[in-house]
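Structural features, examined
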Number of protein chains: 4
Amino acid sequence: MPLTLSALNEASDSEFVAALGAIFEHAPWVAEAAAQRRPFASVEALFAAMRAAVEAADEAHRLALLTGHPELAGRAARAGRIAADSVAEQASAGLDRLSDAEYARFEAMNARYRETFRIPFILCVKRHGRASLLRNFEKRLASSPEIERRAAEVEVMRIAAIRLNALVEGEGSLKTTGRISTHVLDTTRGKPAAGVELELHEIISPTETMLIAKAVTNSDGRTDAPLIGGRPVPIATYELRFALGDHYRRLGLDLPEPPFLDVVPLRFGVSDPEGHFHVPLVATPWSYQTYRGS
Amino acid sequence: MPLTLSALNEASDSEFVAALGAIFEHAPWVAEAAAQRRPFASVEALFAAMRAAVEAADEAHRLALLTGHPELAGRAARAGRIAADSVAEQASAGLDRLSDAEYARFEAMNARYRETFRIPFILCVKRHGRASLLRNFEKRLASSPEIERRAAEVEVMRIAAIRLNALVEGEGSLKTTGRISTHVLDTTRGKPAAGVELELHEIISPTETMLIAKAVTNSDGRTDAPLIGGRPVPIATYELRFALGDHYRRLGLDLPEPPFLDVVPLRFGVSDPEGHFHVPLVATPWSYQTYRGS
Amino acid sequence: MPLTLSALNEASDSEFVAALGAIFEHAPWVAEAAAQRRPFASVEALFAAMRAAVEAADEAHRLALLTGHPELAGRAARAGRIAADSVAEQASAGLDRLSDAEYARFEAMNARYRETFRIPFILCVKRHGRASLLRNFEKRLASSPEIERRAAEVEVMRIAAIRLNALVEGEGSLKTTGRISTHVLDTTRGKPAAGVELELHEIISPTETMLIAKAVTNSDGRTDAPLIGGRPVPIATYELRFALGDHYRRLGLDLPEPPFLDVVPLRFGVSDPEGHFHVPLVATPWSYQTYRGS
Amino acid sequence: MPLTLSALNEASDSEFVAALGAIFEHAPWVAEAAAQRRPFASVEALFAAMRAAVEAADEAHRLALLTGHPELAGRAARAGRIAADSVAEQASAGLDRLSDAEYARFEAMNARYRETFRIPFILCVKRHGRASLLRNFEKRLASSPEIERRAAEVEVMRIAAIRLNALVEGEGSLKTTGRISTHVLDTTRGKPAAGVELELHEIISPTETMLIAKAVTNSDGRTDAPLIGGRPVPIATYELRFALGDHYRRLGLDLPEPPFLDVVPLRFGVSDPEGHFHVPLVATPWSYQTYRGS
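Just so it is clear, the model here is predicted, and its values are computed rather than measured.

**Here's the deal with the overall build of chain A**
Within chain A, the secondary structure is distributed over 11 helices and 13 strands. Seen through its C-alpha atoms, chain A measures out along the principal axes to roughly 70 × 45 × 30 Å. The buried share of chain A, taken over its 294 residues, is 52%. Of all intrachain contacts in chain A linking residues separated by at least 6 positions in sequence, the fraction that spans at least 24 positions is 67%. When the accessible area of chain A is evaluated, it comes to approximately 12,900 Å², of which 52% is carbon and sulfur surface. The positive charge centre, built from 34 side chains, and the negative charge centre, built from 38, are 3 Å apart in chain A.

Here you go:
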């Protein structure tokens, strides 16, 4: 049950801190400071107050905000000593299902990073697919302390913003969500293609994909809900797969065996987790096209 | 070194039969009969004479033409007791690289077919990918003796036609070849896309593909040679993969990471081994389309 | 100022008839009958009551409903003896701006129709462009009295529905409107094309077009309002013209002179006045496409 | 009857000059000089010799080459005092069919140009449509004597090259021709669209077009000959018009009236007279696209 902004505005200080104390991991003092600035007209204003509390804090507190953060796929996570939100976030990127070799690789990178920069490696994992996460980790290992200190603070803010948005309902939400959507048009008939089965997969590696969503197009050729929506779209490569051959067979067309087009894959990359990726399919049994739409 | 038609026209009878005796497996009498009809003005006329010899033969000879044919992936093949052409043909469909389980499956189907129809299962394997071959086998097992007798003769003629075409050079070739070709157009610049790396894969199963050809587009956006040409295109599902992202990076475009389009897959089915499947890619960094061209 | 349904429900009988008496031309008795069925929950229910009143009327009244209707571009119209709505409707089809020859042609067709069928030629002109109107007139002149009697009644109902919808605001509007809309996508950048000037023309004849609407695309590549909306789309051929060359020049692209694409015309026909015709332009400086979208 | 290069190589000097003396207007001395350099292995080599003769000439001769050139739509042309080739060239641009007002405009521009630069305005008219010709004239009137002297010599060479190519047949032709071609693909059936009637028009002004070519697509969806070929493509805006609605009606499709797509116009600009402009139409009854192909 989401909290409402007005309930937070009217709560006691301790209720407020109980509700929002975990937005910044192991740092309830951020919520305590924000509580004094009430009332808030929007979720954005609430978040701005929390950010201001962080920026006004002394170096020891600011550093603790980083050092208190759990490592990705680290020992604390394995041992169950991290916050509930962190557990869910790491699971969303599959970090709770690593093989022993993968786990060892993360251990080594975490150790190298901590040794080099004196803070844990912090990344808002909800914004990254597996390959992007590793690419990012490699790149940041080669960075400088100043840049990493700033990068870690940016990521902590991103994590906090997503948590806050998920928790509090109200006017003026933060922009923490992106979208993948599609639309299937049948240009042999000049109409939306209804009833087309489709799947969205994330491309994990050249030989491994992960099913993210399944849907069937409605009478307008769209899916009732976005394929990804209400959350950041992890930076990754995706593939939409449309059962176009089945669609035309249902319409009674006499297709060859195998048909020229049967399952149509559209492969595309997402680089902006807060962007809208509209990827339509305009098709006949013998042609198709796609483009980044809007 | 291919034979020329004129050399065959001038050869002695025994030379002629030595050259063409294996076109119909274990049936040099077909070449013997055709030798008497020389000279031939075209490869087509030569083949017509061989076909006429078969059609004029008595039932015993016609039946022997079928029973003498090796089974697919059968014992004779394994034991090396089949004609050189058959060895190569079966290898082209991967029948020389079966697992023990697959081999056992073929054994069982071959046995069931021979028991039911009193002839071996004959299929021109050069016209089929693995899935099509199995689909065909299953379907023909459920057929009738009359239909199978005719089907076997049709396939024997197809096999012979491909062998003859490969062996004899001359005017009036038989139509035994199909083609897969492509063309890459870059509509951000209104020009052919040169230097694009691409691969053609055959889709063996949902998890297995086989690389058929690699190429790089020339200055006209085409490949110097067709991706498949000079032979039948096996009935199968294929995927063309274009390194479009690399192309635009080479042109100096500032693409996001990952780019919206990087490796573009075009998946299509071939149902007609003697057809021309022209599958172009008309693209920008943010859109593409394909169609069956000509 | 539109009437509200609730105001009509509460009005006196004479106020009600004063408001709706002209929905059916020269036939206030239809409104009088409907007034007794109040209250109405929707505009649709109100219209159903008016239609029921017509259907319950005796032959003399029903015939009068047709004979009382003004001819298209007829003498009554010229002499200013027709209802205000009829004046506006005929003007929308350009019937108030006919040349003498065209006027004479209508006169002749009107006379022939009235002589043949004993009723005036009735057509809901808001649903037809000039060519469609004439094509329809010719076709109906060759029809039979029974068919024409029914056709005239259908058209009277269409005219009344449009008038009623324009007059009364409320829940449950009648479906009397169609739409032409567009969307411009720039696939060199994977974004909507903003600031593109465009025009919608009706094709009157091979040498004559009429400007219907001008617009500029907004940041989403769409026009702020549909190019035609809130009324039926006259059955006609249209042409959208996009200043695509100007768009790319503004973006700083180095185009040849003349550019490959400058003003892009999309020509399309509308056969269904109540339909939605979405006609997008997906373009680069060297390519474009359109389709009937949704 | 075209001359062959070998006939020219073997001709007497006077025959050679008789044949090629008019390639450079009123300047047979160019051919005389080239005659001494025979034999020529290619048309290109012959032209290079003529160009070298011009470049080796003294200033008086080089200037005479320009001053001897007839003006566009000038008095000499009207009075029939220009070379046969010039007559045909000017007619190809419609300069023999000017209205009196247009003629007067050319007179005025010619006079202004000659007064400013002391040479006649020279332009290879076969490379320009009407609008381009006038745009060019205006622009060059504002130029400098040095630039105009060079521009005039470039144009004289272009004129000579086209004349030479038209006259002499042989290996190694000069690149003086461009091409407009098309290809119609029907993606409802995955096949070339055969039997489609089409027209190529040049856009003269917003209200005036000129029919350049009519054709019907063959079984490969192409026209038997390019729509413009074997000559430069005049710099201009063109419109291809395809009778797509008729095509689908012939195939028995049940289209609305009017159909969504009936006559499809593709409007495009040609900026490079020696370029190949391939403008395909990939269509269904409800969609189409085009691009600059190759």
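**Quick word on the relation of the copies chain B and chain C**
If you rotate chain B by 180° and push it 0.0 Å along the axis, it lands on chain C with an RMSD of 0.1 Å. Considering both components of the superposition, the chain copies are consistent with a two-fold axis. Distance from the rotation axis, computed per C-alpha, reaches its smallest value in chain B at B:T188: 2.8 Å. Interface overlap between copies is the fraction of interface residues in one copy that are interface residues in the other; for chain B against chain C it reaches 100%, indicating a shared surface.

**Thoughts on the relation of the copies chain B and chain A**
Under the fitted operation, chain B is carried onto chain A by 0.1 Å of movement along the axis and a turn of 179°, and the coordinates agree to an RMSD of 0.1 Å. A high fraction, 100%, of the interface residues of chain B reappear at the interface in chain A, so the copies pair face to face through one surface.

**Comments concerning helix α8 (residues 100-117) of chain B**
Residue and element names in this part refer to chain B. Its 18 residues place the ends of α8 26 Å apart at the C-alpha level, agreeing with the 26 Å of an ideal helix rising 1.5 Å per residue. The set of residues buried in α8 consists of Y103, F106, E107, M109, N110, Y113 and F117. Check the buried side of α8 and you find it contacts α6 (75-78), α9 (130-141) and α10 (145-167). One or two steps after α8, the chain reaches R118, where phi turns positive at roughly 65°.

**Comments concerning helix α9 (residues 130-141) of chain A**
For α9(A), with 12 residues, the first-to-last C-alpha span of 17 Å sits near the 16 Å given by 1.5 Å per residue. For α9(A), the complete set of buried residues consists of A:S132, A:L133, A:L134, A:F137, A:R140 and A:L141.

**A word on the UniProt feature "domain: Transthyretin/hydroxyisourate hydrolase" (unreviewed entry) in chain A**
UniProt records the feature "domain: Transthyretin/hydroxyisourate hydrolase" (unreviewed entry) at residues 180-293 of chain A, using the numbering of this structure. In the segment residues 180-293 of chain A, helix accounts for 6% and strand for 50%; the C-alpha atoms at its two ends are 11 Å apart.

**Quick look at the pattern of salt bridges**
With the rule as written, the count across this model stands at 84 salt bridges over all chains. Linking D:R163 and D:E25 is a salt bridge whose minimum nitrogen-to-oxygen distance equals 2.9 Å. Pair noted here: D:R163 is in helix α10 (residues 145-167) and D:E25 is in the loop between α2 (13-20) and α3 (28-35), with a separation of 138 residues, a long-range link. Taken as a pair, D:R163 and D:E25 share a single burial class, namely buried. When the shortest N-O distance is used, the salt bridge between D:R114 and D:E71 registers 3.2 Å. Taken together, the residues D:R114 in helix α8 (residues 100-117) and D:E71 in the loop between α5 (59-67) and α6 (75-78) connect sequence positions 43 residues apart. On the basis of relative accessibility, which here comes to 34%, the residue D:R114 falls in the partly exposed class. Relative accessible area serves as the criterion here: at 15%, D:E71 is assigned to the buried category. Through salt bridges with shared partners, one network takes in A:E59, A:R62, A:R149 and A:E153.

**Some words on the UniProt feature "domain: Oxo-4-hydroxy-4-carboxy-5-ureidoimidazoline decarboxylase" (unreviewed entry) in chain A**
Using the residue numbers shown here, the UniProt feature "domain: Oxo-4-hydroxy-4-carboxy-5-ureidoimidazoline decarboxylase" (unreviewed entry) corresponds to residues 9-165 of chain A. Summarising residues 9-165 of chain A: 67% helix, 0% strand, and an end-to-end C-alpha distance of 16 Å.

**A few points about the domain arrangement of chain A**
Residue and element names in this part refer to chain A. Under the domain assignment, chain A is made up of domain 1 (3-169) and domain 2 (178-289). Measuring from the centre of the C-alpha atoms in domain 1 to the corresponding centre in domain 2 gives 34 Å. Taken together, the contact between domain 1 and domain 2 spans eight residues of the former and eight residues of the latter. Taken together, both faces of the contact between domain 1 and domain 2 bury some 690 Å²; the carbon and sulfur share is 56%. Run the count over domain 1 and domain 2 and you get one salt bridge. One salt bridge connects E274 with R127, and the closest N-O pair in it is separated by 2.9 Å. Top element by residues in the side of domain 1 that touches domain 2 is α9. It accounts for three residues. Its residues assigned to classes, the side of domain 1 that touches domain 2 shows one nonpolar, three polar and four charged.

**Things to note about the sheet that holds strand β10 (residues 263-270) of chain B**
Residues and elements named next belong to chain B. The strand order β7-β6-β9-β10 describes an open sheet built from four strands, whose pairing is antiparallel. Of all strands in the sheet, those bounded by a partner on one side alone are β7 (208-216) and β10. Strand-to-strand, the axes of this sheet are offset by a mean angle of 25°, without reference to chain direction.

**A word on the confidence of the model for chain A**
With 99% of its residues at a pLDDT of 70 or more, chain A has an overall mean of 93. Across the predicted assembly, pTM comes out at 0.92 and ipTM at 0.91.

**Thoughts on the packing of α3(D) against helix α4 (residues 43-56) of chain D**
All names here are of chain D. Running from N to C, α3 and α4 point in directions that differ by 115°, and their axes come no closer than 8 Å. Remark: the crossing between α3 and α4 carries right-handed chirality. For the pair α3 and α4, the contacting residues are W29, V30, A31, A33 and A34 in the first and A49, M50, A53 and V54 in the second. Each residue belonging to the contact of α3 with α4 can be placed in one class, and the counts come to nine nonpolar, no polar and no charged.

**Re the interface of chain B and chain C**
If you look at the interface, chain B gives nine residues, while chain C gives nine residues. Here chain B packs against chain C, burying approximately 620 Å² in sum over the two surfaces, 58% of which is carbon and sulfur. Summed over the three residues of chain B that lose the most area to chain C, namely B:T187, B:T188 and B:W286, the buried surface amounts to 60% of that side. The interface formed by chain B and chain C holds zero salt bridges in total. Taken together, the links from chain B to chain C amount to two residue pairs in polar contact (both at pLDDT 80 or more). Residues belonging to the side of chain B that touches chain C are distributed by class as follows: two nonpolar, six polar and one charged.

Basis of the calculations
Residues numbered from 1 in each chain as written. Chains lettered and ligands numbered in written order. Predicted model: local features only at pLDDT ≥ 70, side-chain atom pairs only at ≥ 80, totals over all residues. Heavy atoms only, no water. Helix = DSSP H or I, 4+ residues; strand = E, 2+ residues; numbered from the N terminus. Buried < 20%, exposed > 50% of the residue type's maximum accessible area, 1.4 Å probe, protein only. Contact = heavy atoms within 4.5 Å. Areas by Shrake-Rupley, 256 points an atom, 1.4 Å probe, with all protein chains shown as cover. Lys, Arg positive; Asp, Glu negative; His and termini not counted. Charge placed at Lys NZ, Arg CZ, Asp CG, Glu CD. Least-squares fit on C-alpha atoms with pLDDT ≥ 70 in both. Expected span 1.5 Å × (residues − 1). UniProt positions renumbered as here; feature names shortened; annotations may be inferred. Salt bridge = Lys/Arg side-chain N within 4 Å of Asp/Glu carboxyl O. Domains from an automatic or database assignment. Buried area = accessible area lost by both parts, 1.4 Å probe. Nonpolar A, V, L, I, M, F, W, Y, C, P; charged D, E, K, R; others polar. Pairing = 2+ DSSP bridges. Axes fitted to C-alpha atoms, helices over the stretch in contact; angles between N-to-C directions. pLDDT = per-residue confidence, 0-100. Left-handed = near helix turned anticlockwise from the far one by under 90°. Polar contact = N/O pair within 3.5 Å; in protein donor to acceptor, adjacent residues only side chain to side chain.

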